[in-house]
Amino acid sequence: MASTLYKKLIRDHIPALIQSQGSGIPSFFSLDERGFRVAVKKKLIEEAKEVFEARTKQGIIEELGDVLEVIDALIEAFDISLQEVKTSQQAKRETRGGFEKRLFLLSVETES
(Lines give C-alpha, C1' and ligand atoms only; values in the text may rest on other atoms or scores of the structure.)
Protein backbone atom coordinates (compact mmCIF):
# COMPACT_ATOMS: atom_id res chain seq x y z
CA MET A 1 0.00 0.00 0.00
CA ALA A 2 1.37 3.45 -0.95
CA SER A 3 1.32 6.48 1.31
CA THR A 4 1.54 10.20 0.56
CA LEU A 5 3.06 12.36 3.30
CA TYR A 6 1.48 15.79 3.82
CA LYS A 7 2.48 17.01 7.31
CA LYS A 8 0.26 20.10 7.25
CA LEU A 9 -2.74 21.64 8.96
CA ILE A 10 -6.03 20.64 7.39
CA ARG A 11 -9.64 21.72 7.72
CA ASP A 12 -11.84 19.77 10.15
CA HIS A 13 -13.86 17.80 7.58
CA ILE A 14 -10.93 16.69 5.39
CA PRO A 15 -10.41 13.25 7.00
CA ALA A 16 -14.08 12.34 6.47
CA LEU A 17 -13.98 13.66 2.91
CA ILE A 18 -10.91 11.58 2.12
CA GLN A 19 -12.64 8.44 3.38
CA SER A 20 -16.02 9.16 1.78
CA GLN A 21 -14.38 9.76 -1.60
CA GLY A 22 -12.51 6.48 -1.34
CA SER A 23 -9.18 8.29 -1.54
CA GLY A 24 -7.60 6.27 1.27
CA ILE A 25 -7.34 6.09 5.02
CA PRO A 26 -6.08 9.34 6.53
CA SER A 27 -3.67 9.40 9.45
CA PHE A 28 -4.02 12.55 11.55
CA PHE A 29 -3.99 13.92 15.08
CA SER A 30 -5.02 17.07 16.93
CA LEU A 31 -2.30 19.59 17.68
CA ASP A 32 -1.73 21.15 21.07
CA GLU A 33 -1.92 24.95 21.36
CA ARG A 34 1.77 25.54 20.61
CA GLY A 35 1.79 23.18 17.66
CA PHE A 36 -1.41 24.68 16.27
CA ARG A 37 -0.02 28.20 16.46
CA VAL A 38 3.03 27.17 14.44
CA ALA A 39 0.99 25.15 11.94
CA VAL A 40 -1.60 27.86 11.33
CA LYS A 41 1.15 30.41 10.64
CA LYS A 42 2.65 28.00 8.10
CA LYS A 43 -0.82 27.50 6.64
CA LEU A 44 -1.08 31.25 5.97
CA ILE A 45 2.07 31.05 3.84
CA GLU A 46 0.69 28.02 1.98
CA GLU A 47 -2.61 29.77 1.26
CA ALA A 48 -0.87 33.01 0.22
CA LYS A 49 1.15 31.00 -2.33
CA GLU A 50 -2.08 29.54 -3.67
CA VAL A 51 -3.48 33.07 -4.13
CA PHE A 52 -0.34 33.94 -6.08
CA GLU A 53 -0.71 30.84 -8.26
CA ALA A 54 -4.43 31.33 -8.96
CA ARG A 55 -5.03 32.23 -12.60
CA THR A 56 -8.71 33.21 -12.66
CA LYS A 57 -10.84 35.67 -10.76
CA GLN A 58 -12.85 32.77 -9.31
CA GLY A 59 -9.65 31.00 -8.29
CA ILE A 60 -8.43 34.13 -6.53
CA ILE A 61 -11.79 34.50 -4.77
CA GLU A 62 -11.63 30.91 -3.53
CA GLU A 63 -8.04 31.22 -2.36
CA LEU A 64 -8.73 34.52 -0.61
CA GLY A 65 -11.57 32.75 1.20
CA ASP A 66 -9.01 30.23 2.43
CA VAL A 67 -6.70 33.05 3.54
CA LEU A 68 -9.55 34.64 5.50
CA GLU A 69 -10.31 31.29 7.15
CA VAL A 70 -6.68 31.02 8.24
CA ILE A 71 -6.68 34.63 9.48
CA ASP A 72 -9.78 33.85 11.56
CA ALA A 73 -7.96 30.83 13.02
CA LEU A 74 -4.89 32.94 13.81
CA ILE A 75 -7.00 35.59 15.50
CA GLU A 76 -8.59 32.94 17.69
CA ALA A 77 -5.35 31.01 18.37
CA PHE A 78 -3.52 34.11 19.56
CA ASP A 79 -6.53 35.58 21.39
CA ILE A 80 -6.57 38.70 19.22
CA SER A 81 -9.66 40.72 18.42
CA LEU A 82 -10.50 41.70 14.87
CA GLN A 83 -10.63 45.28 16.11
CA GLU A 84 -6.97 45.04 17.21
CA VAL A 85 -6.03 43.92 13.72
CA LYS A 86 -8.09 46.68 12.09
CA THR A 87 -6.55 49.30 14.40
CA SER A 88 -3.05 48.12 13.48
CA GLN A 89 -3.98 48.14 9.80
CA GLN A 90 -5.26 51.69 10.02
CA ALA A 91 -2.19 52.90 11.93
CA LYS A 92 0.14 51.45 9.27
CA ARG A 93 -1.98 52.91 6.52
CA GLU A 94 -1.67 56.35 8.14
CA THR A 95 2.12 56.14 8.60
CA ARG A 96 3.17 54.09 5.57
CA GLY A 97 0.17 54.42 3.26
CA GLY A 98 -1.81 51.75 1.46
CA PHE A 99 -1.34 50.40 -2.03
CA GLU A 100 -3.53 52.83 -3.95
CA LYS A 101 -0.62 54.27 -5.97
CA ARG A 102 0.62 50.79 -6.94
CA LEU A 103 4.24 51.78 -6.27
CA PHE A 104 7.01 49.25 -6.98
CA LEU A 105 10.42 49.95 -5.40
CA LEU A 106 13.29 49.22 -7.77
CA SER A 107 16.25 50.28 -5.67
CA VAL A 108 17.57 52.75 -3.13
CA GLU A 109 20.82 54.53 -3.91
CA THR A 110 23.02 55.20 -0.90
CA GLU A 111 26.27 57.00 -0.45
CA SER A 112 29.11 54.55 0.14
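Residues numbered from 1 in each chain as written. Predicted model: local features only at pLDDT ≥ 70, side-chain atom pairs only at ≥ 80, totals over all residues. Heavy atoms only, no water.

What to know about helix α2 (residues 33–53)
Next up, step 1: An ideal rise of 1.5 Å per residue puts 30 Å on 21 residues; α2 measures up with 30 Å between its terminal C-alpha atoms.
Next up, step 2: Against the buried residues of α2 lie α3 (57–77). (Helix = DSSP H or I, 4+ residues; strand = E, 2+ residues; numbered from the N terminus. Expected span 1.5 Å × (residues − 1). Contact = heavy atoms within 4.5 Å.)

With respect to unusual backbone geometry
Next up, step 1: Positive phi, close to 50 degrees, is recorded for Lys-7, a residue that is not glycine.
Next up, step 2: With respect to the helices, strands and loops of the structure, Lys-7 is situated in the segment before α1 (14–20).
Next up, step 3: Exposure remark for Lys-7: the relative accessible area of 75% places this residue in the exposed category.
Next up, step 4: Positive phi values are uncommon outside glycine, yet Arg-102 reaches one of about 55 degrees.
Next up, step 5: Its location among the elements puts Arg-102 in the segment after α4 (82–96). (Buried < 20%, exposed > 50% of the residue type's maximum accessible area, 1.4 Å probe, protein only.)

Description of the pattern of salt bridges
Next up, step 1: Applying the stated criterion to the full structure yields five salt bridges.
Next up, step 2: Between Lys-8 and Glu-46 there is a salt bridge, with the nearest N and O atoms lying 3.2 Å from each other. Here Lys-8 is found in the segment before α1, whereas its partner Glu-46 is found in helix α2, with 38 residues between them in sequence.
Next up, step 3: Given a relative accessible area of 42%, Lys-8 falls into the partly exposed group.
Next up, step 4: In this structure, Asp-66 engages Arg-11 in a salt bridge whose closest nitrogen and oxygen atoms are separated by 2.8 Å. On the criterion of sequence distance, the pair formed by Asp-66 in helix α3 and Arg-11 in the segment before α1 is long-range, its members being 55 residues apart.
Next up, step 5: Given a relative accessible area of 43%, Arg-11 falls into the partly exposed group.
Next up, step 6: One connected set of salt bridges, linked through shared partners, spans Lys-8, Lys-43, Glu-46 and Glu-47. (Salt bridge = Lys/Arg side-chain N within 4 Å of Asp/Glu carboxyl O.)

Digging into a nonpolar patch on the surface
Next up, step 1: Where nonpolar side chains cluster on the molecular surface, the patch consists of Ile-80, Leu-82 and Val-85 and spans about 230 Å² of accessible area.
Next up, step 2: Position of Ile-80 among the secondary structure elements: in the loop between α3 and α4. (Patch = residues over 30% accessible without salt bridge, like charges linked within 9 Å, V, L, I, M, F, W, Y side chains within 5 Å. Areas by Shrake-Rupley, 256 points an atom, 1.4 Å probe, with all protein chains shown as cover.)

Side note on the nonpolar core
Next up, step 1: Leu-9, Ala-39, Val-40, Val-70 and Leu-74 form the largest nonpolar core, which has five residues in total.
Next up, step 2: Those elements giving two or more residues to this core turn out to be α2 and α3.
Next up, step 3: Apart from residues lying up to four places away in sequence, Val-40 is in contact with Leu-9, Val-70, Ala-73 and Leu-74. (Core = buried A, V, L, I, M, F, W, Y, C linked by side-chain atoms within 4.5 Å.)

Section: the packing of aromatic side chains
Next up, step 1: This model, assessed by the stated rule, comprises zero aromatic pairs.
Next up, step 2: For the cation-ring pair, Arg-37 lies above Phe-78, with the distance from its terminal atom to the ring centre recorded as 4.5 Å. (Phe/Tyr/Trp six-rings, centres within 6.5 Å; stacked < 30°, edge-to-face > 60°. Lys NZ or Arg CZ within 6 Å of the ring centre and 35° of its normal.)

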